[in-house]
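Examination of the molecular architecture
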Amino acid sequence: MKRILCIILIAVMCLSFTACANSDNANKDLSPQAAQMKSICELATMQCYYHNVAKYDEKDATGVLFWKKDRQFWIEYSGIVTIGINTSLVSIEVDGENVTITIPPAQVLSCKVDDKTLNVDSFIVANDSASVEAEHQTKAFQEAQAKMQEDASNDTALLASAQQRAQKLLEDYVNNIGECTGKSYKIKWVYLDGAKDLNELDIDVATQTVEE
């Protein structure tokens, strides 16, 4: 959906560019703009849906001596991880028909367990477990969210796909401006630490969801 919105945005921009092309002065000022590229990067973010079951295990939670009991239960949860480009690190330099774009690696922008998916059935308590109180459920919830973010941050293929998605849309944006202005832009990519060369990636940019 976001990619469709981006394509529509570019199409509208191109229509505006065509209209402006009737004016020689306006046409001279037309070139790729950093603000528009940052907006495109925001549109290129990916939302990944996770579903998992996490175990909460607290040894010797209650009791004394040999009558201690562990606290054990499982929590089934779903959540959304948003992955994309830090737009503040995206920059562009235009020198005639040479365009240099600096792009950072994709990263986890936000991570949230969907509390709407949590209910009484989401918590499964072991038969011989110590009692489970609200504070233990809250702690398990926080640990589940941290684990989800850790898994997403370590998913190199997913991060590379998000970077590739943003880079492809930026490339299309520059090429569309070139078509609208009759210029043939040559793009040079500068990759910040952790970013990958697009030519080295072999990942489907349409990937938008992931499940554990």
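Residues numbered from 1 in each chain as written. Predicted model: local features only at pLDDT ≥ 70, side-chain atom pairs only at ≥ 80, totals over all residues. Heavy atoms only, no water.

**Notes on the overall build of the chain**
When helices and strands are counted, the chain shows 5 helices and 7 strands. In the chain, the succession of α and β elements from N to C terminus is α-α-α-β-β-β-β-β-β-α-α-β. For the chain, with 212 residues in total, the buried portion stands at 37%. A sequence separation of at least 24 residues applies to 78% of the contacts in the chain between residues at least 6 apart. (Helix = DSSP H or I, 4+ residues; strand = E, 2+ residues; numbered from the N terminus. Buried < 20%, exposed > 50% of the residue type's maximum accessible area, 1.4 Å probe, protein only. Contact = heavy atoms within 4.5 Å.)

**Details of helix α4 (residues 134-153)**
A rise of 1.5 Å per residue sets the reference length of α4, with its 20 residues, at 28 Å; its end C-alpha atoms lie 29 Å apart and thus fit the reference within 8%. Its buried side turned inward, α4 meets β1 (46-62), β2 (69-84), β5 (107-113) and α5 (156-181). (Expected span 1.5 Å × (residues − 1).)

**Some remarks on the pattern of salt bridges**
Across all of its chains, the model carries 6 salt bridges by this definition. Across the pair Lys-59 and Asp-57 runs a salt bridge whose closest N-O atoms are separated by 3.5 Å. Lys-59 gets classed as exposed once you look at its relative accessible area, which sits at 53%. In this structure Asp-57 comes out as partly exposed when scored by relative accessible area, which is 35%. The residue Lys-147 makes a salt bridge to Asp-151 at a minimum N-O spacing of 2.9 Å. With Lys-147 and Asp-151 both in helix α4, this residue pair falls 4 residues apart, about one helical turn. Through salt bridges that share partners, Lys-55, Asp-57, Lys-59 and Asp-70 make up one connected network. (Salt bridge = Lys/Arg side-chain N within 4 Å of Asp/Glu carboxyl O.)

**Examining the packing of aromatic side chains**
Per the stated rule, a full pass over the model turns up 2 aromatic pairs. Ring plane angle 20 degrees and centroid distance 4.7 Å describe the contact between Tyr-56 and Phe-73, whose orientation is recorded as stacked. Of the two residues, Tyr-56 is situated in strand β1 and Phe-73 in strand β2; the sequence distance between them amounts to 17 residues. A centroid spacing of 6.1 Å and a plane angle of 50 degrees characterise the contact between Phe-73 and Phe-123, whose relative ring orientation is tilted. Residue Phe-73 is located in strand β2, and its partner Phe-123 is located in strand β6 (residues 123-125); the two are separated by 50 residues in the primary sequence. (Phe/Tyr/Trp six-rings, centres within 6.5 Å; stacked < 30°, edge-to-face > 60°.)

**Concerning the nonpolar core**
One recurring pattern in soluble globular proteins is that nonpolar side chains are buried together. Membership of the largest hydrophobic core comes to 41 residues, with the highest contact counts inside it found for Val-81, Ile-83, Ile-101 and Leu-170. Among the elements of the structure, α3 (34-43), β1, β2, β4 (98-103), β5, α4 and α5 are those that each provide at least two residues to this core. A per-element tally of this core places α5 first, with 9 residues. (Core = buried A, V, L, I, M, F, W, Y, C linked by side-chain atoms within 4.5 Å.)

**Structural notes on the sheet that holds strand β7 (residues 186-191)**
Taken in spatial order, the 3 strands of this open sheet run β3-β4-β7, and their pairing is mixed. Pairing within the sheet leaves two strands with one partner each, and these edge strands are β3 (91-95) and β7. Across the sheet, the mean angle from the axis of one strand to that of its neighbour is 15 degrees, orientation sign disregarded. By the bridge criterion, 6 bridges tie β4 to β7 in an arrangement that is parallel. Paired with Ile-101 across the two strands is Trp-189, which belongs to β7. Sitting on the sheet, α5 is in contact with β4 and β7, with an inclination near 155 degrees to β7. (Pairing = 2+ DSSP bridges. Axes fitted to C-alpha atoms, helices over the stretch in contact; angles between N-to-C directions.)

**Concerning a nonpolar patch on the surface**
Residues Val-64, Leu-65, Phe-66 and Trp-67 make up a contiguous nonpolar surface patch of roughly 640 Å² in combined accessible area. Tracing the sequence through the fold places Val-64 in the loop between β1 and β2. (Patch = residues over 30% accessible without salt bridge, like charges linked within 9 Å, V, L, I, M, F, W, Y side chains within 5 Å. Areas by Shrake-Rupley, 256 points an atom, 1.4 Å probe, with all protein chains shown as cover.)

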